[in-house]
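For reference, the chains in residue letters:
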Amino acid sequence: MTTLHRSQIALAPLRMLLALALAGCAHIPHDSAPLPQRDVAGASLAADIRLAHDGWPAARWWTGYGDRQLDALMAQALASAPSLEVAAAHIGSAHAALDSSSATLGVELDGHADINRQRYSGTGLFPAPIGGNYFTEENVRLEARYHFDWWGKNRAQIAAAVGELNAQRASYAQAEQVLAAATAQAYFRLQGTWARLDNTERQIAIQAQLVQDQANRMAHGLASSDSAHAAEADLAQLRKQRARLQADAGAAREALRALLGADASALENLKPHALATTPHALPAHLGMELLARRPDLQAARWQVQAALSQTEAVQAAFYPDINLSAAIGLDSISYQHLLQGASRTLYLAPTLNLPLFDSKRLNAQLASARSARDEKVAAYNQAVVQAVREVAQDSLALQGLEQQLARQADATAAASAQLRSVQARAAHGLADHRSELAAQLTLLRQQDSALALTHAQVQAEVALTQALGGGYRNEAATN
């Protein structure tokens, strides 16, 4: 019998196994109520939500504030923050899982070589001259195995691994966005607190002059003790405000230091810088563009895709599994004959596994996979609703602050005009120094209110930037 005839005989059982496989598929339970994904294409904002400019944030949106200190802090945060190291480790794990899944589609090829010395029983299966003697057997062989992915199980597992990798990449971008927004907000909180501290110090200086003036007037019988006590109470209130602002500045500084993962000397050279605002950008329509620009939505979407592929892989386990193993080699009980043609060996082994009776194990695994899929879909749907709500709420907050700042500008302008009028009358002897100090104090109070609103406006700008995706663009990995 030739080698060709042996191959034909070996392939005959494979045909029979394949026929049995097609008839031996286990019943797949019906998927009764799969959870539908929410469509983000129709997401839109209310008609009354409008800002001055339309558009989306740029990738390095913080550079628009023109603050080199902020740029340097942001570069430091994005280069060495502990939160990003954790996200990077998750990406590495997802890469390893993808490589492991991809390896299942290839041909496995192994080389083996062994030698053994054995004494065969003289009363056993082999008679003399084998029985009762020692023999040394040498064996060299090359083994190959191939798994036929008839039902797409391996492809589905690879697709699930790709989805998980893309989800982790999007999660890394989300971690960057959260870190950048938190860093900017902590920095602006510190700068805003410093600006208000400077204003409060000037208020304290003027109020101290008013307290002294009241004391002098009371000494000459020109004022009552009530007015002096009221002036002292106002001074105590301003000093209380200074203490609170100093505590707020310390907390903001330490929050910024923690975000940078820096030591105690990292922020020693940080200087006060005037708060600046940028034109507020809000797209007229959100729709699918919001999905592409929000990394958390992308991560949730890829998690859904991974869960769907994993469900397909589990479902494929209901079908028969057919594999093929083969080996060629040399085997001899004498190393002198090992390399001769007569010592060659050939092995071909098709195998078939039929899922017949498994105590509902496959059903339970499929039910678990479908539940996990529905959980991912529910999380995605919730993320879509949350994203649109965040954009709407942050836009309304910023819109309201713009209106408040416009009214505050009118109040500040009125206080400034009052101060100029008092100064003009004082120059002609028509107003005393106390009136001029009171007008200065009124203007400083209005300026403090303007600083507080400007600080809140910058915080709202950063929040809206993050809600709109912070310049993120989806870059998915493929296998």
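Residues numbered from 1 in each chain as written. Predicted model: local features only at pLDDT ≥ 70, side-chain atom pairs only at ≥ 80, totals over all residues. Heavy atoms only, no water.

**As for the packing of helix H4 (residues 153-219) against helix H7 (residues 295-316)**
Relative orientation and spacing of two packed helices are given, respectively, by the angle between their axes and the distance between those axes.
Phase 1: Two numbers describe how H4 lies on H7: the axes approach to 7 Å, and their chain directions differ by 165 degrees. As the angle between them shows, H4 and H7 are arranged roughly antiparallel. Crossing of H4 against H7: the hand is left-handed.
Phase 2: Of the residues that constitute the contact of H4 with H7, the class distribution is twelve nonpolar, eleven polar and four charged. (Axes fitted to C-alpha atoms, helices over the stretch in contact; angles between N-to-C directions. Helix = DSSP H or I, 4+ residues; strand = E, 2+ residues; numbered from the N terminus. Parallel < 35°, antiparallel > 145°, perpendicular 65-115°, else oblique. Left-handed = near helix turned anticlockwise from the far one by under 90°. Nonpolar A, V, L, I, M, F, W, Y, C, P; charged D, E, K, R; others polar.)

**Comments concerning the UniProt feature "coiled-coil region" (unreviewed entry) in the protein chain**
Phase 1: The UniProt feature table records "coiled-coil region" (unreviewed entry) at residues 228-255.
Phase 2: Within the segment residues 228-255, helix and strand shares are 100% and 0% respectively, and the terminal C-alpha atoms sit 41 Å apart. (UniProt positions renumbered as here; feature names shortened; annotations may be inferred.)

**Here we look at the nonpolar core**
Phase 1: Leu-70 and Phe-188 are the most contacted members of the largest nonpolar core, which totals 25 residues.
Phase 2: Apart from residues lying up to four places away in sequence, Leu-70 is in contact with Trp-62, Tyr-65, Ala-184, Tyr-187 and Phe-188.
Phase 3: Ranked by size, the runner-up nonpolar core spans 22 residues in total, among them Leu-286, Leu-290, Leu-453 and Ala-460. (Core = buried A, V, L, I, M, F, W, Y, C linked by side-chain atoms within 4.5 Å. Buried < 20%, exposed > 50% of the residue type's maximum accessible area, 1.4 Å probe, protein only. Contact = heavy atoms within 4.5 Å.)

**Notes on the packing of aromatic side chains**
Phase 1: The full count for this structure, using the stated rule, is three aromatic pairs.
Phase 2: Ring centres 5.5 Å apart and planes at 80 degrees place the aromatic pair Trp-61 and Trp-62 in the edge-to-face group.
Phase 3: Here Trp-62 falls in the buried class, since its relative accessible area comes to 5%.
Phase 4: An aromatic cluster is built from Tyr-65, Tyr-187 and Phe-188, whose rings are joined through pairwise contacts. (Phe/Tyr/Trp six-rings, centres within 6.5 Å; stacked < 30°, edge-to-face > 60°.)

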